[in-house]
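# Structural overview for review
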Amino acid sequence: MRYRALHSWDVRPDEAVEIQKMLTGSVRFQRVDRVETVAGADVSFSGSRAHAAAVLLDYHDMRLLDVSFAEMDVVYPYIPGLLTFREGPVILRALEGIDEADVLLFDGQGIAHPRRFGEASHLGLLLDRPSIGCAKSRLWGEFREPDGERGSFSLLVDRGEVVGAALRTRTNVRPVFVSPGHMSDLSSAIEIALNCARGYRVPEPLRLAHILSLKRARMTR
């Protein structure tokens, strides 16, 4: 999977914020149709090294089709709202090792972000592929607790604007926070994330990518 180099990663935090502001206007929203494959990526850390795993799955039965790994030194600090500048380079390197997917899932935010440009929006734009953010915790916006049944959701709202949803992927289990990244919309994001959640809270592409990246990180300790 190839990506576009739209900016440098070697930037100060204030420069990173300006990059986000500049690129957010390029994010597009559309219905995601005819999904056959889905990819997920996650990063685990071991000391000063970041270990990423990217997986490609069949969308219908969640069968693993391909996997790729990458690792590199961690050079960017952890700053809420600027997660892509810490994790993005190693995720992109891992994604280079798998075929293009119809849609990408990231363990982070899409437009549910103070500048409407979270990790899923950022990486989706660089990859020019439909992308969805599916985070385990809320970064931005307000919501009410959704009903307890699987598939229930409530809207995530920031100053009157809908930026995502709190989605119950398992009955009576804490929701995940889904938001459009790039070339997707909220209804697609909810539908795809729910379809990928096969018995677990976290959608399978992200759950598997996390397991594999964590295993790689532990091997180096």
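That block above? That's the structure.
A brief report on the enclosed structure follows. As the structure is a prediction and not an experimental result, all values here were calculated from the model. (Residues numbered from 1 in each chain as written. Predicted model: local features only at pLDDT ≥ 70, side-chain atom pairs only at ≥ 80, totals over all residues. Heavy atoms only, no water.)

## Some thoughts on the overall build of the chain
- From N to C terminus, the chain includes five helices and eight strands.
- When its C-alpha atoms are laid out on the principal axes, the chain stretches across 40 × 40 × 30 Å.
- Per-residue burial for the chain yields a buried fraction of 55% across its 221 residues.
- Here the analysis covers contacts within the chain between residues at least 6 apart in sequence; of these, 65% occur between residues at least 24 apart.
- Surface accessibility of the chain: about 9900 Å² in total, with carbon and sulfur atoms responsible for 49%.
- For the chain, the centre of its 29 positive side-chain charges and the centre of its 29 negative side-chain charges are spaced 4 Å apart. (Helix = DSSP H or I, 4+ residues; strand = E, 2+ residues; numbered from the N terminus. Buried < 20%, exposed > 50% of the residue type's maximum accessible area, 1.4 Å probe, protein only. Contact = heavy atoms within 4.5 Å. Areas by Shrake-Rupley, 256 points an atom, 1.4 Å probe, with all protein chains shown as cover. Lys, Arg positive; Asp, Glu negative; His and termini not counted. Charge placed at Lys NZ, Arg CZ, Asp CG, Glu CD.)

## Section: helix H2 (residues 83–95)
- Here H2 spans 17 Å end to end across 13 residues, near enough to the 18 Å set by a 1.5 Å rise per residue.
- Its maximal kink placed at proline 89, H2 deviates by approximately 35 degrees.
- Those residues of H2 lying buried are Thr84, Phe85, Glu87, Gly88, Pro89, Val90, Ile91, Leu92, Ala94 and Leu95.
- In the core, the buried residues of H2 are packed alongside helix H1 (13–23), strand E1 (37–46), strand E2 (49–58), strand E3 (64–73), strand E4 (103–106) and helix H3 (119–127). (Expected span 1.5 Å × (residues − 1). Bend = angle between axes of the 7 residues up to and from the residue.)

## A look at the pairing of strand E7 (residues 161–167)
- Taken across its seven residues, E7 has five buried, putting it largely inside the fold.
- Relative to E7, strand E6 (residues 153–158) runs antiparallel, the two sharing six bridges. The partner of aspartate 158 across the bridge, within E7, is glutamate 161.
- Taking the residues between adjacent antiparallel strands as the criterion, E6 and E7 are bridged by two residues, where arginine 159 takes a positive phi near 50 degrees.
- Where E7 meets strand E8 (residues 176–182), three bridges bridge the pair, whose relative direction is antiparallel. Directly across from leucine 167, in E8, lies its bridge partner valine 176. (Pairing = 2+ DSSP bridges.)

## What to know about the layout of surface pockets
- Within this model, the largest pocket holds a volume of roughly 430 Å³.
- If you trace the largest pocket, you find 23 residues lining it, with Tyr78, Leu83, Asp107, Gly108 and Gln109 closest to the centre.
- Within the residue set of the lining of the largest pocket, elements represented by two or more residues are E1 and H2.
- At three residues, the largest contribution of residues to the lining of the largest pocket is made by H2.
- For the lining of the largest pocket, the class distribution of residues is eight nonpolar, nine polar and six charged. (1 Å grid on protein atoms, 1.4 Å probe; cavity = no way out; pocket = protein on both sides within 12 Å on 5 of 7 lines; lining within 4 Å. Points joined across faces, edges and corners; volume = space filled by probe spheres on them. Nonpolar A, V, L, I, M, F, W, Y, C, P; charged D, E, K, R; others polar.)

## Quick notes on the side chain of aspartate 42
- Along the chain, the position of aspartate 42 falls in strand E1.
- One buried charged residue, aspartate 42, remains without a salt bridge, the closest side chain of opposite sign being lysine 136 at 5.6 Å.
- Looking at aspartate 42, its side chain comes within polar contact range of the side chain of histidine 210, at 2.8 Å.
- Not counting the four nearest positions on each side in its chain, aspartate 42 is found in contact with His51, Ala52, Ala53, Asp107, Ala209, His210 and Ser213. (Salt bridge = Lys/Arg side-chain N within 4 Å of Asp/Glu carboxyl O. Polar contact = N/O pair within 3.5 Å; in protein donor to acceptor, adjacent residues only side chain to side chain.)

## Looking at the pairing of strand E5 (residues 131–135)
- The buried count for E5 comes to five of five residues, which makes it a mostly enclosed element.
- Neither face of E5 is exposed, since Ser131, Gly133 and Ala135 on one face and Ile132 and Cys134 on the opposite face are all buried.
- Pairing of E4 with E5 involves three bridges; the strand directions are parallel. The residue bridging leucine 105 from the neighbouring strand is isoleucine 132, located in E5.
- Of the crossover connections in this fold, the one passing from E4 over H3 to the parallel E5 is right-handed. (Right-handed = clockwise from strand over helix to strand, strands pointing away.)

## A few points about the packing of H2 against H3
- The interhelical angle for the contact between H2 and H3, taken along N-to-C directions, is 40 degrees, at an axis separation of 10 Å. Between H2 and H3, the angle falls in the class oblique. Once H2 is placed against H3, the crossing between them reads as right-handed. Across from Leu83, Thr84, Phe85, Glu87, Gly88, Ile91, Leu92 and Leu95 in H2, the residues of H3 making contact are Glu119, His122, Leu123, Leu126 and Leu127.
- Of the residues in the contact of H2 with H3, the class split is eight nonpolar, three polar and two charged. (Axes fitted to C-alpha atoms, helices over the stretch in contact; angles between N-to-C directions. Parallel < 35°, antiparallel > 145°, perpendicular 65-115°, else oblique. Left-handed = near helix turned anticlockwise from the far one by under 90°.)

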